[in-house]
Amino acid sequence: MQPAIQNESVTLDGDSIWNDFDEEVSSQLISANPTSAEMDYFSINTVVDSEESVHFPTEFLNSQTPSGMPPHKISLKVGVPIILLRNLNSPRLCNGTRLRVTSLTKNVIEADILTGCAKGEKIFLPKIPLYPNDFPVKFGRVQFPIKVCFAMTINKAQGQTLTYCGVDLENKCFSHRQLYVAFSRVGRPDHLYVYAPQNKTLNVELIFSFSDVPGICLSFLK
């Protein structure tokens, strides 16, 4: 995995799109890296109310990834970018902080902080109990509070500084200034790559055309 990957990302619109896109892309990029061994980390999932366990068996809970929760299985290699999904030690380690994996052991992930006031610091992440807020039954998941982060939503990208950025606008921006947030992650227009059907997207009430914008490369993702 080349170190430059820590400053490159794809921004997407919506959590469900992020989950589907990042799972597919992450598995391909991690598998393509022959320089280090891959480690798989599995969560432990239990229903809070034991009487509900009959209706929600462990196999079913393992297959679910509610919004804001890490997946049951996390596959990592050294050099892979990850993003925190919980506030652990604000303002150093907050929800949305990006990190790069530097070492992997059975129970701890060692990583360098890539963004925020603690950029450059080394940290150690353990598994912690996590509880989803928008799930039909209350259950706990013991897992690392992270997600592989080759891609992130536009909302998660806010405040991030990237060297290169690809923006997938197949699904239109749904709130004011989202397009600006996505495009302002990089300092140079030739470092911004955009996929937009017919070279257009709807930014709330305005139709934005890329045809006359110099320096922006289209059809990066498809």
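Our structure's up above, just so we're on the same page.
Residues numbered from 1 in each chain as written. Predicted model: local features only at pLDDT ≥ 70, side-chain atom pairs only at ≥ 80, totals over all residues. Heavy atoms only, no water.

### Let's talk about the pairing of strand β7 (residues 108-113)
Part 1: Judged by how many residues are buried, β7 sits mostly within the fold: five of six residues are covered.
Part 2: Two strands pair when backbone bridges link them, and strand β6 (residues 98-104) and β7 are joined in this way by five bridges, in the antiparallel orientation. Note on β7: the bridge partner recorded for Arg100 is Asp112.
Part 3: What sits between the antiparallel neighbours β6 and β7 is a turn of three residues. (Buried < 20%, exposed > 50% of the residue type's maximum accessible area, 1.4 Å probe, protein only. Helix = DSSP H or I, 4+ residues; strand = E, 2+ residues; numbered from the N terminus. Pairing = 2+ DSSP bridges.)

### Quick look at unusual backbone geometry
Part 1: Between Ser90 and Pro91 the backbone carries a cis peptide bond, its omega angle lying at 5°.
Part 2: Within the secondary structure layout, Pro91 lies in the loop between β5 (81-84) and β6.

### Considerations on the environment of Ala196
Part 1: Along the chain, the position of Ala196 falls in the loop between β14 (192-195) and β15 (200-203).
Part 2: Along the primary structure Ala196 and Glu170 are separated by 26 residues, whereas in three dimensions their C-alpha atoms are 5.6 Å apart.

### Details of the packing of aromatic side chains
Part 1: Counted by the stated rule, this structure contains four aromatic pairs.
Part 2: Taking 5.0 Å as the distance between ring centres and 85° as the angle between the ring planes, the aromatic pair formed by Tyr41 and Phe144 counts as edge-to-face. Here Tyr41, found in strand β2 (residues 39-42), pairs with Phe144, found in the loop between β10 (139-143) and β11 (146-148); they are 103 residues apart in sequence, far enough to count as distant. The exposure classification of Tyr41 matches that of Phe144, with both residues buried.
Part 3: For the pair Phe135 and Phe139, a centre-to-centre distance of 5.1 Å together with 70° between the ring planes defines the contact as edge-to-face.
Part 4: In textbook terms, an aromatic cluster arises when at least three aromatic residues are bridged by ring pairs, as seen for Phe56, Phe60, Phe135 and Phe139.
Part 5: Taking the ring centre of Tyr131 as reference, the NZ or CZ of Lys138 above it sits at 5.8 Å. (Phe/Tyr/Trp six-rings, centres within 6.5 Å; stacked < 30°, edge-to-face > 60°. Lys NZ or Arg CZ within 6 Å of the ring centre and 35° of its normal.)

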